[in-house]
Every structure is written in structure tokens, then in C-alpha cells.
Amino acid sequence: MTLGTFTFPNEPESLRVTYLRNVEIETVAASEWTVTDQGRQGRQFDCEGVFLSSSCYLNCKTLAQIFTSGTTVTLSHNAWGDVKVLMTELEIWEECKTNFLRYRFRLVEVPS
């Protein structure tokens, strides 16, 4: 898997894809309502994994640079193809293990 120019050294432990649709729900009479489909949103990609090497801190700094840049990058994945995305959340935490960092991030698909 790649994100922009960053290639993950090992595959993330999980990648969850959420499809979202905007709807408007309006009550029209007692116990009755209408639903108006206002179209779909971009997919959300929630990813979690670990970096397990002496370069784990460098890898996390690279993810942080992608986040802080606020620019659109390409997510390339075998199952989902190439998708233009924006990173909206990033969490990194350290555990009491040598060369071991966990990460979690959210990407939102942007229109091509």
C-alpha cells in the first residue's frame, strides 16, 4: 500500500472502508416522513497498523508530514485501486517495546 510517495514497509493490520450517503428526513404528518437522497459522500478509509523496525519513527514522521501538509495524495491499494484522498485524522502511540509504534489514521476520498 502506498500513500502519496510513502510506501508502507508492512501492510496495515486493518483497513476499513465506509460508504456514506447524505439524506434529508422530513416529518410530513403524524407518524409519516419523507426521505430525500442528496447523493453520496466520498468514502472514508480508516487504517490501523504498526511499524516494527529501526525506521519506525521516521515512518511516523512521514505520516505526520502528509497530515500537516493538508494536501490531497493518492492512496494506492490492491483492492481499492488509486483513490485521491485527504488525511483528516492521525494518531500515533508508543508502547514499551523497542522499535515499535502504532498508528491510526482516517482518509476521506476527494472528487477527482
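A.B. asks: Explain the sheet that holds strand E3 (residues 14–18) to me, please; I cannot follow it from the model alone.
C.D. replies: Sheet strands line up and pair through hydrogen bonds in the backbone, either parallel or antiparallel. Spatial strand order, E2-E1-E7-E8-E9-E6-E3: 7 strands in an open sheet with antiparallel pairing. Strand pairing shows two members of the sheet lacking a second neighbour, strand E2 (6–7) and E3, which therefore form its edges. Where strand E7 (residues 73–77) and strand E8 (residues 81–94) come together, 5 bridges link them in antiparallel fashion. Considered in E8, the bridge of threonine 74 is made with lysine 84.

A.B. asks: Looking at this structure, how should I read the nonpolar core?
C.D. replies: Considering soluble globular proteins, one finds that nonpolar side chains tend to be buried as a cluster. Among the nonpolar cores identified, the biggest contains 21 residues, and Leu3, Phe8, Phe51, Leu63, Val85, Phe105 and Leu107 are the most heavily contacted of them. Elements represented by at least two residues in this core include exactly strand E6 (44–51), helix H1 (56–69), E7, E8 and strand E9 (101–109). If near-sequence neighbours (up to four positions away) are discounted, phenylalanine 51 is found in contact with Phe6, Phe8, Pro9, Asn10, Cys56, Asn59, Cys60, Leu63, Asn99, Phe100, Leu101 and Tyr103.

What counts and how
Residues numbered from 1 in each chain as written. Predicted model: local features only at pLDDT ≥ 70, side-chain atom pairs only at ≥ 80, totals over all residues. Heavy atoms only, no water. Pairing = 2+ DSSP bridges. Helix = DSSP H or I, 4+ residues; strand = E, 2+ residues; numbered from the N terminus. Core = buried A, V, L, I, M, F, W, Y, C linked by side-chain atoms within 4.5 Å. Buried < 20%, exposed > 50% of the residue type's maximum accessible area, 1.4 Å probe, protein only. Contact = heavy atoms within 4.5 Å.

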